Amino acid sequence: MGTLSKALCLLLLFCTLAAADTGGAPKYKDPKQPLGARIRDLMNRMTLHEKIGQMVQIERTVATPDVMKNYFIGSVLSGGGSVPAPKATPEAWVNMVNEIQKAALSTRLGIPMIYEIDAVHGHNNVYGATIFPHNVGLGVTRDPMLLKRIGEATALEVRATGIPYAFAPCIAVCRDPRWGRCYESYSEDYRIVQEMTEIIPGLQGDLTTERRGVPFVGGKSKVAACAKHFVGDGGTVRGIDENNTVIDSNGLYGIHMPGYYKAINKGVATVMVSYSALNDLRMHANKELVTGFLKDKLKFRGFVISDWQGIDRITNPPHLNYSYSVYAGISAGIDMIMVPYNYTEFIDEINSQIKSNLIPMSRIDDAVKRILRVKFTMGLFEEPLADLTFANQLGSKEHRKLAREAVRKSLVLLKNGKKGDNPLLPLPKKTGKILVAGTHADNLGYQCGGWTITWQGLDGNDLTIGTTILAAVKNTVAPTTQVVYNQNPDANFVKSGEFDYAVVVVGEPPYAEMYGDSTNLTISEPGPSTIGNVCGSVKCVVVVVSGRPVVMEPYVSTIDALVAAWLPGTEGQGVADALFGDYGFTGKLARTWFKSVNQLPMNVGDRHYDPLYQFGFGLTTQPSKL
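Note that this is a predicted model, so its numbers are computed, not measured.

### Structural notes on the state of the cysteines
So, point 1. Scanning the model with the defined rule gives 2 disulfides in all.
So, point 2. Note on cysteine connectivity: C174 is disulfide-linked to C182, with sulfurs 2.1 Å apart. Its S-S torsion of about -105 degrees marks the bond between C174 and C182 as left-handed, since a negative value means left-handed. Residues C174 and C182 agree in their burial class; the two are buried.
So, point 3. Covalent S-S linkage joins C535 and C540, the inter-sulfur distance amounting to 2.0 Å. Because the torsion about its S-S bond is 110 degrees, the bridge between C535 and C540 counts as right-handed. A single burial state applies to C535 and to C540, both of which are buried.

### As for the packing of aromatic side chains
So, point 1. Tallied over the entire structure, the rule returns 14 aromatic pairs.
So, point 2. Between Y28 and F381, the aromatic rings sit 6.3 Å apart at their centres with planes inclined by 80 degrees, giving edge-to-face as the arrangement. A residue pair is termed long-range when its members are at least 10 positions apart, and Y28 in the loop between α1 (2-20) and α2 (35-45) and F381 in the loop between α15 (361-377) and α16 (397-410) qualify at 353 residues. For the pair formed by Y28 and F381, the shared burial category is buried.
So, point 3. On the numbers, 5.4 Å between centres and 70 degrees between planes, the contact of Y71 with Y343 is edge-to-face. You can see Y71 sitting in helix α4 (residues 65-71) and its partner Y343 sitting in helix α14 (residues 343-355), a full 272 residues away along the chain.
So, point 4. Note on Y71: relative accessible area 30%, which makes it partly exposed.

### Some words on the domain arrangement of the protein
So, point 1. Structurally, the protein comprises domain 1 (37-378) and domain 2 (411-613).
So, point 2. Between domain 1 and domain 2, the C-alpha centre-to-centre distance is 34 Å.
So, point 3. Across the boundary between the two partners, domain 1 contributes 43 residues, which contact 43 residues of domain 2.
So, point 4. Both faces considered, domain 1 and domain 2 share a buried interface measuring about 3,300 Å² in area, 53% of it formed by carbon and sulfur atoms.

### Some words on the pairing of strand β3 (residues 114-117)
So, point 1. Residue alternation in β3 divides its side chains into two sets, I114 and E116 and Y115 and I117, and both sets are buried.
So, point 2. In the sheet, strand β2 (residues 75-78) pairs with β3 via 4 bridges, with the strands oriented parallel. Following the sheet pairing, V76 is matched in β3 by Y115.
So, point 3. Between β2 and its parallel partner β3, the chain crosses via helix α5 (residues 90-105), and the hand of that crossover is right-handed.

### A closer look at a nonpolar patch on the surface
So, point 1. Taken together, Y324, Y327 and L358 make up a surface patch of nonpolar side chains, about 300 Å² in accessible area.
So, point 2. Within the secondary structure, L358 is located in the loop between α14 and α15.

### Brief notes about the environment of I334
So, point 1. In this fold, I334 is placed in the loop between α13 (322-332) and β11 (337-338).
So, point 2. Residue classification places I334 among the buried residues on the basis of a relative accessible area of 0%.
So, point 3. Along the chain, I334 and K287 lie 47 residues apart, while their C-alpha atoms are 8.9 Å from each other.
So, point 4. Apart from residues no more than four positions distant in its own chain, I334 is found in contact with V273, H284, V290, V304, I305, S306, I311, G329 and R363.

### Concerning the sheet that holds strand β7 (residues 270-273)
So, point 1. With parallel pairing, the 3 strands of this open sheet are ordered in space as β5-β7-β10. Either end of the sheet is taken by a strand with one partner, and the two such strands are β5 (226-230) and β10 (303-305). When the angles between neighbouring strand axes are averaged without regard to direction, this sheet yields 25 degrees.
So, point 2. Of the pairings in the sheet, the one linking β7 to β10 comprises 3 bridges and is parallel in character. In the strand pairing of β10, M272 is matched with I305.

### Some thoughts on the UniProt feature "domain: Glycoside hydrolase family 3 N-terminal" (unreviewed entry) in the protein
So, point 1. Those places that UniProt annotates as "domain: Glycoside hydrolase family 3 N-terminal" (unreviewed entry) correspond, in this numbering, to residues 47-374.
So, point 2. Span residues 47-374 is 40% helix and 10% strand, its end C-alpha atoms 20 Å apart.

### Some details on empty space enclosed by the protein
So, point 1. On inspection of all chains with the given rule, the structure shows 4 cavities of 30 Å³ or more.
So, point 2. Its volume calculated, the largest cavity comes out at about 90 Å³.
So, point 3. Counting only elements with at least two residues in the lining of the largest cavity, the list comes to α6 (135-141), α7 (144-160) and α9 (199-204).

### Observations regarding the nonpolar core
So, point 1. By size, the foremost hydrophobic cluster in this structure holds 185 residues, and its most contacted members are F346, V542, M552 and L579.
So, point 2. The leading source of residues in this core is α7, at 8 residues.
So, point 3. Each of domain 1 (37-378) and domain 2 (411-613) accounts for three or more of the residues forming this core.
So, point 4. For V542, the contacting residues outside a window of four places in its chain are V504, V506, I531, C535, M552, I559, A561, L562 and V563.
So, point 5. In terms of nonpolar packing, the next biggest core, distinct from the first, is built from 6 residues, L521, V551, F594 and V597 among them.

Conventions used here
Residues numbered from 1 in each chain as written. Predicted model: local features only at pLDDT ≥ 70, side-chain atom pairs only at ≥ 80, totals over all residues. Heavy atoms only, no water. Disulfide = S-S within 2.5 Å. Buried < 20%, exposed > 50% of the residue type's maximum accessible area, 1.4 Å probe, protein only. Phe/Tyr/Trp six-rings, centres within 6.5 Å; stacked < 30°, edge-to-face > 60°. Helix = DSSP H or I, 4+ residues; strand = E, 2+ residues; numbered from the N terminus. Domains from an automatic or database assignment. Contact = heavy atoms within 4.5 Å. Buried area = accessible area lost by both parts, 1.4 Å probe. Pairing = 2+ DSSP bridges. Right-handed = clockwise from strand over helix to strand, strands pointing away. Patch = residues over 30% accessible without salt bridge, like charges linked within 9 Å, V, L, I, M, F, W, Y side chains within 5 Å. Areas by Shrake-Rupley, 256 points an atom, 1.4 Å probe, with all protein chains shown as cover. Salt bridge = Lys/Arg side-chain N within 4 Å of Asp/Glu carboxyl O. Axes fitted to C-alpha atoms, helices over the stretch in contact; angles between N-to-C directions. UniProt positions renumbered as here; feature names shortened; annotations may be inferred. 1 Å grid on protein atoms, 1.4 Å probe; cavity = no way out; pocket = protein on both sides within 12 Å on 5 of 7 lines; lining within 4 Å. Points joined across faces, edges and corners; volume = space filled by probe spheres on them. Core = buried A, V, L, I, M, F, W, Y, C linked by side-chain atoms within 4.5 Å.

This is how it looks when you write it as structure tokens:
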């Protein structure tokens, strides 16, 4: 009996080891093997701890080599403004990403981590990158192929820094401009949002399979994309960020969901869940929609990722009952958790719930299978380390030219000449003296808005490389034309200045997410007084730099011409292109411009629709022949 017991013990030990480390040549390392076979082979070799590690995304500041190796971390991100060094070069970025990757590759199975960054209007965290207009402006263009080209350029710039995964695009349908993320939305109309999902094949490459829902990334010049925030983030009550969206099924599936149909059909690799609630149920805990609809009905086969500390915020206040949050989030169908700092707490908690059978292994296996599917698809196992192949793409001349095109196409001309007067625009390049005024005329940070270099954005001109609107005006006018800049001139200065006309640039300060929620939607002081002082004495065009429509009705009668420039990014020359007639104005509002905040929410098709400028409005001009 003793010999038999020893034999049985040895057999059990052999079976246990085999389950964790299948012998023979590893199929998962052979790119000639079918995708499904590679995934199965690797998963058969993985321990529970290795599987849990794949589900964890941590911030780069805690991603030490020991952490990566000891916890088998599957993903790392840069939060907003989290960089290897101020004004870091592509080489510094690549070296940082590779250092983290080498730690991941040194683990028993050598599963590469996937590095992510928010690239929501170009590679916006990185010094010297091309900053494109925010989505609120791009929706105005109604030009899907322009969006595809922007996606292609953004992918190259993200790859220039060694990063293979971008948290973009946001396909929210913003229904209330009081929301602080409204500038991340292309439009209040789901049809425009659907058209703009053409940025996904720009980022990822053109889909080469007809299988619906299968993630696709077409090589080293492309990045994995992320459709966000699933779902209804743009419909919260009073536009309060992370709040409750109260809506019936017709509104949900008819307004907020259509962008996801297109994104999934285009092979989007990942989907991020919204902080917001839907009819009082937090989306991070909504199994019916995350698993039942997104995964089962829409056949999405990429992975679902939480937002930053998203599962913590299932409870109010956040982290009130973390055990419940982990259970609810994982059970809902979230595959990767953006922890991003307290990874040991998450790992311990999920491990405990698996061992106590609260979370079944089938749910863990589903999550890991999806994560590995994306990693295999994008070629991370074959080429896990980054290099400087695309370093010259960062902020390239071609990309800045594209961004300049996007700026001029995103402008909306709302007024051009007072009643009975001739149109003011296009402005003459050759004249005596012109005044440029306003807080936003010479401020690259204001021009770019939030999610630029830092999470909330910055004030001033030292944040990155670009062209302010003031510089663009100076670049454009004739050499004999005198340009006078005064940020906030008083009325006497304007009256005595003998100006032929004035360009006044005003708007909102930078903001992001909840810090941009606003109940009044007014332009920043001293913007109103600048408009009054200037436009009361000289013919003026007012350029509004903002992430959404703002209160303008009190000033419109004193203004000769009014232009919505949204948040144009680094290439302010595109604004001057249209002001001075090198190109005509073509943009049409993709958002309703209200008269008063008391009207909100107000969207095209509403019964009480009485806007200052209606959805689809936009005057046009012809290019000047001079």
